[in-house]
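Okay, here's what each chain looks like letter by letter:
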Protein chains: 2
Amino acid sequence: MRKKILFAPFAALMALSPLLAQQSPEKAHPGPATIVDAAPADDWKTISARDLLVMNLAPDATGQTRRVIIQLMPPPFSQGWIDNIRKLAATKFWDGTSINRVQDNYVVQWGDAGYDNPESGAIAQKKLPEDLATIPESAYEVTVAQYDQFMENEKRAADPGYRQWEERDPYSEYAQFLEGWPIASSGDGDEARLWPVHCYGTVGVGRNMSPDTGTGAELYAVIGRAPRHLDRNIAVVGRVIEGIEHLSSLRRGKGQLGFYADAEKRVPIRSIRMGDSLPEAEQPQFEYLDSMSTTFAKYTDARANRRDPFFITPAGGADICNIPVPVRRVKGDE
Amino acid sequence: MRKKILFAPFAALMALSPLLAQQSPEKAHPGPATIVDAAPADDWKTISARDLLVMNLAPDATGQTRRVIIQLMPPPFSQGWIDNIRKLAATKFWDGTSINRVQDNYVVQWGDAGYDNPESGAIAQKKLPEDLATIPESAYEVTVAQYDQFMENEKRAADPGYRQWEERDPYSEYAQFLEGWPIASSGDGDEARLWPVHCYGTVGVGRNMSPDTGTGAELYAVIGRAPRHLDRNIAVVGRVIEGIEHLSSLRRGKGQLGFYADAEKRVPIRSIRMGDSLPEAEQPQFEYLDSMSTTFAKYTDARANRRDPFFITPAGGADICNIPVPVRRVKGDE
């Protein structure tokens with residue numbers, strides 16, 4: 001089972017394991033991995049192939065295929081950019097573009113780099129589809145009205161098992177999980193605003209200076225510490241749920257900001273497609289652990305209070321980015 | 001100047017830059033990078049070569065040399081393990097060992113793996129020096145008495161520029177910078193305890209199950225989200241200040257916990273030496289930005305409240321691991 005659990009868990013569940021390789025029994029206090037492994041089937045929710053972005057890179061030097069799968073955010077978050085991304089994938093915009101930037105402990109960036117961008121050098125610019133929407137900066141946040149559909153979840157967030165760490169988010173008044181995504185918020189009542197946060201694996205939209213918000217044609221994935229200072233300053237559209245190692249282990253760019261000064265170093269992107277545009281048999285299927293489930297509550301508590309055998313001092317809290325939402329593949333090859 | 005600023009800054013200062021490559025003037029509100037670049041010479045403190053661990057890996061596939069430089073922690077933190085590390089380097093213990101584990105978004109681990117370690121496979125075990133000390137778990141923390149020498153710094157931490165984010169550390173009551181290191185603390189008066197935290201680039205000591213605390217012969221470096229749950233559960237002995245990309249971009253291990261299932265994949269370690277054991281001319285010299293300096297106070301404020309041109313919404317706070325201490329090389333080649 002654990003072998004089938006990916007993304008967050010592949011980092012998270014492993015992160016729970018002793019730094020030495022030897023596994024240990026967890027009789028008295030099951031660790032987060034054990035808790036997730038024991039989740040009943042009903043606690044897992046399907047991720048629609050319609051919400052998956054499948055990126056195929058050119059094979060690596062050893063001929064290994066490199067596929068990265070991104071889950072796009074659900075409504076009401078960032079849907080304007082995500083609509084653009086669906087159009088870009090449908091028109092095969094990214095095919096033949098490349099990964100142009102790999103900056104250690106920050107981001108891997110790919111796709112369009114057509115705007116005034118000296119460090120990016122002669123990156124071929126492709127013509128953008130003409131029907132892409134321009135999204136306002138106000139869309140970096142979501143209002144309470146847009147968020148009403150999640151209210152039940154917000155009540156659930158009053159659970160002490162959550163609050164112990166939510167209340168200490170340095171970047172917001174309140175951080176929680178909604179529909180399986182880490183979401184920060186500030187304000188009360190009608191003044192309340194919510195926004196998705198930047199964690200390891202988060203996918204966002206490159207942009208030019210304000211008021212530009214980016215089209216979605218240039219995307220980045222976080223490969224280092226959570227750059228939470230980007231929250232509400234750039235659109236967050238998804239997260240890598242499989243194959244992030246194909247991005248995070250790329251050679252770092254030696255140009256400004258980690259751009260590849262040598263165009264030869266750029267990694268060719270063979271194709272990027274929406275999951276539901278692939279032949280039925282090739283459509284990867286994933287599930288995430290329902291963030292309203294009892295299992296998730298136990299998981300967050302275990303992440304914040306490690307009592308499994310390797311640990312001697314539970315932290316008593318956790319950074320929301322250090323509570324990755326369990327995601328697992330349920331069909332298809334890795 | 002910026003080119004000379006490394007480690008944290010190489011990630012941090014870059015992280016402050018727009019996601020697009022174009023740089024912008026920062027007239028009204030200088031960004032963290034600009035603030036650090038403007039620091040007077042007196043705000044920089046020398047890092048002694050005696051506190052540097054210089055690791056030379058085998059060249060990569062393209063023949064590129066790979067050197068990683070680690071700064072060891074100052075007293076009173078983790079000195080028992082660090083004394084062992086000095087002995088291990090003096091006896092050339094690590095020469096001929098290897099990097100045995102690379103787990104995405106977690107750690108790169110090297111050196112001794114001689115204890116019962118099924119996943120590590122047939123990793124050659126070298127005989128440990130016989131005079132290594134066994135360090136008690138109590139040494140994961142430091143008492144107020146041991147910490148007295150830092151009290152002036154603690155007072156300084158009352159500066160509002162610090163408190164805005166210190167008070168919201170999910171993993172401690174209070175987080176701050178001491179002598180250029182991120183330190184968490186809990187308790188008051190004689191009950192207060194302080195401990196170093198796990199951030200990107202942090203170097204720690206692999207261990208077996210409690211009460212084992214590790215000798216220092218097996219080390220790891222963090223290459224992903226800050227695994228703060230390890231604080232006070234494993235010894236933190238230093239941080240990578242140059243060349244972390246030689247660790248973070250290594251191919252991920254496919255075995256359990258990211259160990260290389262195929263021994264051929266392990267990365268040979270040619271040598272690990274103390275900086276002061278190298279010929280005078282080869283001793284790298286670094287400086288860190290004094291965490292009690294006015295420049296550092298401005299830097300932390302700017303990290304927590306981005307007002308430079310790219311940003312539209314300052315966070316109003318920052319994770320202590322997202323305020324990397326500026327370190328720069330002042331002599332020798334990178």
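Note: the structure precedes this text.
Numbering of residues starts from 1 in every chain and runs along the sequence as written. The order in which chains are written sets their letters, starting at A; the order in which ligands are written sets their numbers, starting at 1. Restriction of local features to residues with pLDDT of at least 70 applies here, the model being predicted, together with a cutoff of 80 or more for giving and counting side-chain atom pairs; totals for whole chains, interfaces and linings are based on all residues. As a convention, hydrogens and water are excluded, and side-chain values are obtained from all of the structure's heavy atoms.

Here's the deal with the overall build of chain A
Right, so step 1: Helix and strand assignments follow DSSP, with helices taken as H or I runs no shorter than four residues and strands as E runs no shorter than two, numbered in order from the N terminus. Check the secondary structure of chain A and you find eight helices and 16 strands.
Right, so step 2: Three exposure classes are used, based on accessible area relative to the maximum for each residue type with a 1.4 Å probe and protein chains only: buried under 20%, partly exposed in between, and exposed over 50%. By the burial criterion, 62% of the 334 residues in chain A qualify as buried.
Right, so step 3: The contact definition used throughout considers only heavy atoms, calling two residues in contact when any of these lie within 4.5 Å. Long-range pairs, those at least 24 residues apart, make up 73% of the contacts in chain A between residues at least 6 apart in sequence.
Right, so step 4: All accessibility values rest on the Shrake-Rupley procedure with a 1.4 Å probe; residue burial counts only the protein chains present in the view. Entry remark: accessible area of chain A is about 12100 Å², with carbon and sulfur atoms responsible for 50%.

A closer look at the pattern of salt bridges
All names here are of chain A.
Right, so step 1: The term salt bridge refers to a side-chain nitrogen of Lys or Arg lying within 4 Å of a carboxyl oxygen of Asp or Glu. Counted according to the given criterion, the structure contains 26 salt bridges over all chains.
Right, so step 2: With a closest N to O distance of 2.6 Å, Arg329 and Glu242 form a salt bridge. Placement of Arg329 in strand β16 (residues 327–331) and of Glu242 in strand β13 (residues 236–242) is noted, with a sequence separation of 87 residues between them. Of the two residues, Arg329 and Glu242, neither departs from the other in class, the shared state being buried.

Notes on the packing of aromatic side chains
Right, so step 1: Between rings of Phe, Tyr and Trp, where Trp is taken as its six-membered ring, a pair exists when centres lie within 6.5 Å; planes separated by under 30 degrees are stacked, by over 60 edge-to-face, and by other angles tilted. Scanning all chains against the criterion turns up ten aromatic pairs over all chains.
Right, so step 2: Here Trp81(B) and Tyr140(B) contribute two aromatic rings whose centre-to-centre distance is 5.5 Å and whose plane-to-plane angle is 5°, an arrangement assigned as stacked. Taken as a pair, Trp81(B) in helix α3 (residues 79–90) and Tyr140(B) in the loop between β6 (107–111) and β7 (142–143) lie far apart in primary sequence, 59 residues in all.
Right, so step 3: Ring centres of Phe177(B) and Phe296(B) lie 5.0 Å apart, and the angle between their planes is 75°; this geometry places the pair in the edge-to-face category. With Phe177(B) in strand β8 (residues 174–178) and Phe296(B) in helix α8 (residues 294–304), the pair connects residues that are 119 residues apart, well separated along the chain.
Right, so step 4: Classification of Phe296(B) by relative accessible area gives buried; the value is 0%.
Right, so step 5: One aromatic cluster in this structure is built from Phe177(A), Phe296(A) and Tyr299(A).
Right, so step 6: Look at NZ for Lys and CZ for Arg. If either is within 6 Å of the ring centre and within 35 degrees of the ring normal, a charge sits over the ring. Seen from the ring of Phe93(A), Lys126(A) lies directly overhead, with NZ or CZ sitting 5.6 Å from the centre.
Right, so step 7: A cation over a ring is seen here: Arg207(A) above Phe310(B), with NZ or CZ 3.7 Å from the ring centre.

Describing the sheet that holds strand β14 (residues 267–274) of chain A
Residues and elements named next belong to chain A.
Right, so step 1: Strands are labelled as partners when DSSP assigns at least two bridges between them. An order of β3-β4-β13-β11-β12-β6-β5-β14 is seen for the eight strands of this closed barrel, with the pairing classed as antiparallel. Strand-to-strand twist in this sheet, taken as the mean axis angle between neighbours without regard to direction, amounts to 35°.
Right, so step 2: Pairing between strand β4 (residues 66–72) and β13: four bridges, direction antiparallel. Residue pairing for β13: Leu72 is matched across the bridge by Gly238.
Right, so step 3: Orientation is described by lines fitted to C-alpha atoms, with helices fitted over the stretch in contact, and by angles between N-to-C directions that extend from 0 to 180 degrees. Where helix α3 (residues 79–90) meets the sheet, its contacts fall on β3 (52–57), β4, β11 (202–205), β12 (218–222), β13 and β14, and the angle it forms with β14 comes to roughly 110°.

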